[in-house]
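# Summary of the model geometry
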Amino acid sequence: MQKTRDFHYRSVHDRDAFWREQAGRVHWETPFESVLDFSRPPFAKWFVGGQTNLCYNAVDRWLPTQADKPALIWVSTEVERERVYTRQEVYEEVNAAAAVLRDLGVGRGDRVLLYMPMVPEAVFTMLACARIGAVHSVVFGGFASVNLAQRIDDAAPKVIVCTDAGSRAGKVVPYKPLLDRALALCKTPPASVVVFDRGLAPFEPVAGRDLDYATLRAAQRGARVPVTWLESSEPSYILYTSGTTGKPKGVQRDTGGYAVALASSMEYLFNGKAGDTFFCTSDIGWVVGHSYIVYGPLIGGQATVLYEGTPVRPDGAILWKLVEQFGVNTLFSAPTAVRVLKRQDPALLKKHDLSTLRAVYLAGEPLDEPTAQWISEGLGKPIIDNYWQTESGWPILSAQPGVEHVPTRFGSPSFPVYGFDARIVSESSGEDLGPDQKGVVAIVPPLPPGAMSTIWGDDERFVQTYFTSIPGRQVYSTFDWGLVDADGYWFILGRTDDVINVAGHRLGTREIEESVNSHSGIAECAVVGVADALKGQVAMAFAVLKNPAAAETPEGAKQLEADIMRLVEDQLGAVARPARIRFVGALPKTRSGKVLRRAIVAVCEGRDPGDLTTIEDPTALEQIKESLQ
Ligand code: PRX
């Protein structure tokens with residue numbers, strides 16, 4: 001692994017020369033004056049003074065060589081449709097969408113919020129925003145009204161683009177009615193809502209506010225919208241993510257650094273080249289979708305597959321069928337998807353010709369060894385576990401086959417990616433730890449190109465949240481535990497905070513608690529993440545009732561549980577709904593009033609709750625145990 005080490009060393013110690021070379025992968029309308037401005041740590045500005053544009057790099061730049069080649073391959077097993085857009089067709093659609101937004105008064109720096117499922121129009125709208133210098137904020141379709149309202153209020157978009165509905169596992173999922181409910185909760189709703197009507201679900205258009213995407217687009221067919229060149233550090237997008245407070249953080253991404261980071265990753269991490277086909281099964285509402293459904297592959301001159309559907313419909317071979325049909329070279333998915341496939345006939349893995357496929361990348365949650373082994377043996381392809389975050393924008397830890405082929409180890413996402421000066425540090429002293437010592441995964445700033453530049457509208461919170469938790473030094477905390485073994489392989493050992501990960505979806509327990517607490521019968525509650533064989537983790541809620549008699553009978557408790565689940569689903573979306581809600585007389589707390597979450601999780605997982613000397617009322621933990629029986 002010497003080559004990987006040297007490459008990484010140079011990226012951190014000869015930073016300017018390294019990133020200057022990488023910057024040559026993208027088009028600069030105006031060259032940058034300096035590679036990095038780190039005069040105000042921990043804020044990093046990459047490629048200062050350079051002007052570029054994400055849409056230009058993803059679309060226009062490839063027209064001379066790839067106008068007639070596939071760029072966006074849309075497959076929906078939900079509505080049984082397929083459509084392949086060439087780069088030229090993407091260019092046409094993006095220009096029309098950009099003209100629509102421009103005519104609605106959207107300009108440089110204005111926000112546009114997208115609440116859309118996996119349809120090409122979502123990708124066109126994202127790229128259209130980039131084209132005119134607008135900042136998009138895509139909200140995952142699985143989120144509901146309260147989540148959506150918080151994000152609308154924080155980003156204050158000028159325009160919202162949504163669809164009437166999506167579809168999941170054959171069931172129509174309404175989008176527009178949820179958006180209407182969210183807008184009713186908002187302090188400053190936008191003047192215009194553009195609805196891409198798929199004809200899946202009826203909705204009530206609001207006169208004077210709601211506009212029809214198809215009509216607006218038809219009027220702009222053939223429009224040409226000039227690219228707005230942005231200074232490298234100008235924001236490209238905001239993507240909200242959960243932390244330990246009830247208020248989601250708007251992760252802000254720059255323009256130039258992101259383009260360079262993604263372009264480099266297409267070669268070094270994915271070992272790919274222009275003309276390849278990339279298939280990422282994530283959702284455009286998550287960071288993986290932003291980086292590796294939309295921007296990464298397109299900036300790298302690759303075709304990208306946009307798939308609306310599940311891995312098991314019409315059957316468990318669908319992903320492999322698509323790999324064969326479109327000659328996919330790189331597949332990017334999540335461990336949960338593989339665990340779902342593991343419940344299917346393993347012969348399905350062999351049903352299709354996978355000769356074009358080089359490797360399968362998995363990220364977003366811990367990849368357990370048995371799952372990694374199963375898929376690796378079943379497919380006969382390398383499996384590459386990569387570890388990153390919404391904040392980092394691209395992988396922090398990964399094998400880098402485009403740099404060097406180093407054997408991977410099941411259970412390890414391999415090594416730090418170039419640009420990330422990652423360390424394992426002591427939570428108590430802040431010092432770097434040695435081999436096999438468990439500590440916090442931290443990154444010494446400056447964060448590399450592509451990583452978050454700040455929290456939208458709140459520089460102070462950015463510094464406070466990420467750079468003050470490790471004592472004695474200003475380093476970025478990932479809030480993940482980790483260790484490096486004696487051979488240099490990294491391992492991720494779970495979160496240090498109260499963030500949980502359900503089927504690869506990052507959720508804040510605090511947000512779920514606030515939602516449960518909004519039920520009129522609840523006095524207080526604790527939500528924790530508990531190990532689950534399929535989803536990695538599930539949320540479990542323990543609630544104290546204002547009137548304990550309400551849950552005295554099993555029927556009463558069941559009814560109440562169902563009511564609260566419906567409430568959470570309504571406010572936050574089905575992804576956040578706890579798997580179980582149990583009613584207890586008191587929550588286990590320290591004498592200073594802090595809920596002993598780790599002890600609750602241990603009890604739920606049948607482990608020893610550890611040191612309980614600070615517990616105020618030991619019977620509270622007993623009650624948790626009993627409530628599970
Ligand atoms: O806890 C880590 C886990 O997911 C968190 C980040 O989630 P999100 O912001 O949604 O970004 C996902 C980008 C892939 C991390 O802090 N996580 C992500 N990848 C892995 C992982 N845990 C273990 N192994 C991974 N490969």
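Residues numbered from 1 in each chain as written. Predicted model: local features only at pLDDT ≥ 70, side-chain atom pairs only at ≥ 80, totals over all residues. Heavy atoms only, no water.

## A word on the pairing of strand β10 (residues 171-174)
Spelled out, the test is: Note on pairing: two strands pair once DSSP finds at least 2 bridges between them. Every helix listed is a DSSP run of H or I at least four residues long, and every strand listed is a run of E at least two residues long, numbered separately from the N terminus.
Pairing analysis gives 4 bridges linking strand β9 (residues 165-168) to β10, with the strands arranged antiparallel. Bridging from a neighbouring strand, Ala165 pairs with Pro174 of β10. Hairpin connection of β9 to β10: 2 residues between the antiparallel strands, including Ala169 at a positive phi of 50°.

## A short note on the pattern of salt bridges
Here is the rule: Any Lys or Arg side-chain nitrogen found within 4 Å of a carboxyl oxygen on Asp or Glu counts as a salt bridge. The cut-offs for exposure are 20% and 50% of the maximum accessible area for each residue type, with area from a 1.4 Å probe on protein chains only; residues under the lower value are buried, those over the upper are exposed, and the others partly exposed.
In the structure shown here, the tally under the stated rule is 42 salt bridges. In this structure, Arg209 and Asp180 form a salt bridge, with 2.8 Å as the shortest nitrogen-oxygen distance. Of this pair, Arg209 sits in the loop between β11 (192-196) and β12 (210-212) while Asp180 is found in helix α8 (residues 176-185), placing the two residues 29 residues apart along the sequence. A relative accessible area of 16% places Arg209 in the buried class.

## Side note on helix α14 (residues 369-379)
Our working rule: Two residues qualify as a contact provided that any one of their heavy atoms is within 4.5 Å of a heavy atom in the partner residue.
All buried positions along α14 are accounted for by Thr371, Ala372, Ile375, Ser376, Gly378 and Leu379. Looking at the buried side of α14, the elements it contacts are α12 (318-326), α13 (335-341), β19 (359-363) and β20 (383-386). Trailing α14 by a residue or two, Gly380 shows a phi angle of about 70°, which is positive.

## Some remarks on the pairing of strand β15 (residues 249-253)
Along β15, 5 of the 5 residues are buried, which leaves the element largely enclosed by surrounding structure. Side chains Lys249, Val251 and Arg253 of β15 all project onto a buried face; the interleaved residues Gly250 and Gln252 project onto the opposite face, where all are buried too. Bridge analysis of strand β14 (residues 237-241) against β15 gives 5 bridges, and the strand direction is antiparallel. When the bridges of β15 are listed, Leu239 appears paired with Val251. Pairing of β15 with strand β25 (residues 454-455), which is carried by 2 bridges, proceeds in the antiparallel orientation. The partner of Gln252 across the bridge, within β25, is Thr454.

## Some words on the side chain of Gln571
Put simply, the test is: By the criterion applied in these results, polar contacts are pairs of N or O atoms within 3.5 Å in which, for protein atoms, one can donate a hydrogen and the other can accept it, and in which residues neighboring in sequence qualify only through two side-chain atoms.
Mapped onto the fold, Gln571 is located in helix α17 (residues 554-572). Polar contacts involving the side chain of Gln571 include one to the side chain of Ser518, which spans 3.2 Å. Not counting chain neighbours up to four residues away, the residues in contact with Gln571 comprise Ala144, Ser145, Val146, Asn147, Ser515 and Ser518.

## What to know about the packing of aromatic side chains
How we decide: Two rings belonging to Phe, Tyr or Trp (six-membered ring only in the last case) form a pair when the distance between their centres is within 6.5 Å. Interplanar angles under 30 degrees mark stacking, angles over 60 mark edge-to-face geometry, and anything in between is tilted.
For the structure on display, the rule yields 40 aromatic pairs. Arranged with centres 5.4 Å apart and planes meeting at 80°, the rings of Tyr237 and Tyr258 form a pair that is edge-to-face. Residue Tyr237 is found in strand β14, and its partner Tyr258 is found in helix α10 (residues 256-268); the two are separated by 21 residues along the sequence. Grouping residues by exposure puts Tyr237 and Tyr258 together as buried. Grouped by ring-pair contacts, the aromatic residues Phe7, Phe18, Trp19, Trp28, Phe32, Trp46, Phe47, Tyr268, Trp394, Tyr418 and Phe420 constitute a single cluster.

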